[in-house]
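Summary of the model geometry
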Amino acid sequence: MHAAGALAARILDDVAALVVPGTTTEALDTFIEDEVNKAGAKSATIGYKGYKHASCISVNHVVCHGIPGPKTLKDGDILNIDVTVIVDGWFGDTSRMYVAGKLPRKAERLIQITHDALFKGIEAVKPGNTFGDIGHAIQAYVEAHRMSVVRDFCGHGLGRVFHAPPNVLHYGRPTSGAVLEEGMFFTIEPMVNLGRPETKVLADDWTAVTRDKSLSAQFEHSVGVTADGMEIFTLSPSGKFHPTF
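What comes next concerns the included structure. (Residues numbered from 1 in each chain as written. Predicted model: local features only at pLDDT ≥ 70, side-chain atom pairs only at ≥ 80, totals over all residues. Heavy atoms only, no water.)

When two helices pack together, you describe them by how their axes are tilted relative to each other and by the distance separating the axes. The N-to-C vectors of helix H3 (residues 105-123) and helix H4 (residues 131-144) enclose an angle of 150 degrees; their axes lie 8 Å apart at closest approach. For the element pair H3 / H4, the angle class is roughly antiparallel. The hand of the H3/H4 crossing is right-handed. The segment H3 lies against H4, with Ile113, Asp116, Ala117, Lys120 and Gly121 engaging Ile134, Ala137, Ile138, Tyr141 and Val142. Grouping the amino acids of the contact of H3 with H4 by side-chain chemistry returns seven nonpolar, one polar and two charged. (Axes fitted to C-alpha atoms, helices over the stretch in contact; angles between N-to-C directions. Helix = DSSP H or I, 4+ residues; strand = E, 2+ residues; numbered from the N terminus. Parallel < 35°, antiparallel > 145°, perpendicular 65-115°, else oblique. Left-handed = near helix turned anticlockwise from the far one by under 90°. Contact = heavy atoms within 4.5 Å. Nonpolar A, V, L, I, M, F, W, Y, C, P; charged D, E, K, R; others polar.)

Below you can see the structure in the form of structure tokens.
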């Protein structure tokens, strides 16, 4: 899990320099696929349910599962890049936000709240707490800032498989849900909208967008429950997890 998480995070560090106005999401994905191959790893997404790319790239009002293509990034576009790699049979899954050019003020606030909400959720990870505690920490923080948590998608267990129980909801009631135990591995990956939480999936059966066309942001880490807390497997080696840090 350390090796897989570190590789996924390093690739997301390295792609940052390429996120500029005028480039395409297809070009970003090609770079990511090449980096996975150079590392002797495998992409978990290529071939997954027919998916053909090494990343999901979700721009502006795309919530998640955006398909890389010829779309050209414009100044002020925000995007989430999500990468999952397989190293020696273990999965490393992480995503973070980027900006092409100058970051608009309202997008900056959305990105900051989403980033901080992820870490509010991570802070709730320790043995004896519940998955409801994680979701509640995220939901309470986001809604206090008058934004909304997407409910149609969630985090998931992982390890030697890509997606496994339990579903890790980003909303919930304290003390509800399964109890966290040492040795559990899962992702926390809140999606936060500036507008309402509802989403819809486009005709390609992958791309999810906000119904009201409001901006959306997401950050994701893979974490493990330890004897007295948690460990993050997908920390940025260069401290680039937040686009303005």
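That shown, we press on.
Here we come to the pattern of salt bridges. In total, this model carries seven salt bridges according to the counting rule given. Taking the shortest distance from any N to any O, the salt bridge between Arg96 and Asp13 comes out at 2.6 Å. On the criterion of sequence distance, the pair formed by Arg96 in strand E5 (residues 90-99) and Asp13 in helix H1 (residues 2-15) is long-range, its members being 83 residues apart. Of the two residues examined, Arg96 and Asp13, each falls in the buried class. Where salt bridges share partners, they join Arg10, Asp14, Glu35 and Lys38 into one cluster. (Salt bridge = Lys/Arg side-chain N within 4 Å of Asp/Glu carboxyl O. Buried < 20%, exposed > 50% of the residue type's maximum accessible area, 1.4 Å probe, protein only.)

Here we come to the nonpolar core. Among the nonpolar cores identified, the biggest contains 32 residues, and Ile78, Ile134, Val142, Phe186 and Ile188 are the most heavily contacted of them. Where this core is concerned, the elements lending two or more residues are E5, H3, H4, strand E9 (185-188) and strand E14 (221-225). Among the elements that line this core, the one with the most residues is H3, at seven residues. Apart from the residues within four sequence positions on either side, Ile188 is in contact with Leu118, Gly121, Ile122, Val125, Ile134, Ile138, Val168, His170, Phe219, Glu220, His221 and Val223. (Core = buried A, V, L, I, M, F, W, Y, C linked by side-chain atoms within 4.5 Å.)

The subject of this paragraph is the layout of surface pockets. Put simply, the largest pocket is a space of about 490 Å³. Residue lining of the largest pocket: 24 residues in total, with Tyr48, His65, His156, Phe162 and His163 positioned closest to the centre. For the lining of the largest pocket, the elements supplying multiple residues, two or more each, are strand E2 (56-59), strand E4 (78-87) and strand E7 (155-157). Per-element tally for the lining of the largest pocket: the top contributor is E4, with three residues. Residues belonging to the lining of the largest pocket are distributed by class as follows: nine nonpolar, 10 polar and five charged. Empty space within the second largest pocket amounts to approximately 170 Å³. As for the second largest pocket, its lining consists of Thr25, Ile57, Ser58, Val59, Asn60, His61, Val62, Gly66, Ile67, Lys71, Asp204 and Thr207. Along the lines of polarity and charge, the residues of the lining of the second largest pocket split into four nonpolar, six polar and two charged. (1 Å grid on protein atoms, 1.4 Å probe; cavity = no way out; pocket = protein on both sides within 12 Å on 5 of 7 lines; lining within 4 Å. Points joined across faces, edges and corners; volume = space filled by probe spheres on them.)

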